[in-house]
Amino acid sequence: MSRRFFLKILLSLGLGAYFPKFAEAARLEEFHRPQDGYKPLTAVKFLRQIVTEDSRTSRILMWQSDKKIDDIKIEYFLVGEDAKFAPVLCSPFTFDKSAGFFYVCVLENLKPESLYKFRIISGKRATSFQNLRTPGFGNFQMLVFSDSQCVNYNVWQKVADTADKNFPDAELVTVIGDLVDNGEAAYQWRAWHLAATKVLSERIFAPVCGNHECYDKNWLNCLPVGYTENFKLPSNGTKNFDGYFYSFDFGAAHFTVLNTQFAEIDALNPGLKEEQEYFFRRDIANTNRKWKIVLMHKDIFDYGQNKFNEIAEIFNDLFDELEIDLVLTGHLHTYRNRGKIFGKKKSPAGTTYILCGRAGDQDYLEPVSEIDEVTAPDVQHEPESYILLDVRPETLTLTCLDVAGEIWDKFTLKK
């Protein structure tokens, strides 16, 4: 029996949890299959393409390894042109009694609306070639997940793989916080990355920090070190909150990724609210994109008390003032469409608020509220779901689907 055939049998029988190293090898087998006579560079794990301030012309590539890889570089080329090589920065990490190395390569001066190929090379070993697509100023599709935290990350893998298969043309991916259940558990980050392998392999990732990224192994509040180490994000210009919040342009939209973890962070690192508000005002003032979209983890509404909460007190007036088109939140593990809100009241001229459902196996029960215009079909036994955003200069269409393919909600905003 060949190694490849054995790995396929292992996955088909669902035995990955019992043989994690073999499961990881099976999941990454295609990525580790090189061309041009190179041997497989199997030390490379969990490649991710990270969003930059302007992904039309730049990209951050990240991955990791258990042992240091020497003489490593990126070979990349615009399809139809000669290859170039880019240097790679390597930094060791020790995290939750787990040691390894992170690798970062920044590609710049890319051509907008183009297809590039790249691979990782070390001596006589290499990965397979991967696609790198650069957007333009116009149309794009985006996959939106939230709360992928799991006890069993096969659930997150099923959601991510389903979206990857159903919408192969989507270029951008986000998870609206609580990527993992515990931000300082190394095995959870490893399981999360492995599950996300397909959906992230050739798409751009824009993560959002959640409250579970701010819990240590004893479930006490901590700074989101695991999150900021795993993702090198666009600079926000602050000294004490680098990686906590950021913004970027993509196609016809401008995204601002906000941090709502004041309860977890303030006592450990004060000043988040003031620094973030200053950044947010300046950021929106400087954008020229048609659509203004906010991604943030905690929601604006308390369902148990049926009222707007402290997150709404901090942000809703700002969203009204800055004329934000769409706000996507998570945290409550249920899908709700609130329609348009201005001044904490329903208004046809307001911001559209969408609470995203869960992509992991942590199932909550939130009551239906008078603020909801659309809810999940069965809030008591709500299955995993995700969102497809189709963004064009004049229209923005949101479709919410569950893992079985049932459409829960679909609507279009117009400029």
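Since this is a predicted model, take the numbers as computed values, not measurements.

## What to know about the overall build of the protein chain
When helices and strands are tallied, the protein chain shows 9 helices and 26 strands. Taken over C-alpha atoms, the radius of gyration comes to 21 Å for the protein chain, in line with the 22 Å a tight globule of 415 residues would show. Along the longest, intermediate and shortest principal axes, the C-alpha atoms of the protein chain span 65 × 45 × 40 Å. Burial statistics for the protein chain: of 415 residues in total, 60% are counted as buried. Restricting the contact set of the protein chain to residue pairs at least 6 apart, pairs at least 24 apart contribute 69%. Accessible surface for the protein chain amounts to roughly 18000 Å². Of this, 50% is attributable to carbon and sulfur atoms.

## So, helix α3 (residues 154–166)
Between its terminal C-alpha atoms α3 stretches 18 Å, which fits the 18 Å expected from 13 residues at 1.5 Å a residue. When α3 is considered as a whole, its buried residues turn out to be Trp156, Val159, Ala160, Asp161, Thr162, Ala163 and Asp164.

## Thoughts on the packing of helix α8 (residues 272–285) against helix α9 (residues 310–321)
Packing of α8 against α9 brings their axes to within 12 Å, and their N-to-C directions diverge by 10 degrees. It follows that α8 is roughly parallel to α9 by the angle criterion. Contacts between α8 and α9 involve Lys273, Gln276, Glu277, Phe280 and Arg281 on the former and, on the latter, Ile314, Phe315, Leu318, Phe319 and Glu321. When grouped by side-chain class, the residues that make up the contact of α8 with α9 number 5 nonpolar, 1 polar and 4 charged.

## A few points about the confidence of the model for the protein chain
Averaged over every residue, the pLDDT of the protein chain is 93; the share at 70 or more is 95%. A low-confidence stretch, residues 1–19 stays under pLDDT 50, and its non-local contacts, those more than four residues away or across chains, total 18 contacts.

About the cut-offs
- Residues numbered from 1 in each chain as written.
- Predicted model: local features only at pLDDT ≥ 70, side-chain atom pairs only at ≥ 80, totals over all residues.
- Heavy atoms only, no water.
- Helix = DSSP H or I, 4+ residues; strand = E, 2+ residues; numbered from the N terminus.
- Rg over C-alpha atoms; globule rule 2.2 N^0.38 Å.
- Buried < 20%, exposed > 50% of the residue type's maximum accessible area, 1.4 Å probe, protein only.
- Contact = heavy atoms within 4.5 Å.
- Areas by Shrake-Rupley, 256 points an atom, 1.4 Å probe, with all protein chains shown as cover.
- Expected span 1.5 Å × (residues − 1).
- Axes fitted to C-alpha atoms, helices over the stretch in contact; angles between N-to-C directions.
- Parallel < 35°, antiparallel > 145°, perpendicular 65-115°, else oblique.
- Nonpolar A, V, L, I, M, F, W, Y, C, P; charged D, E, K, R; others polar.
- pLDDT = per-residue confidence, 0-100.

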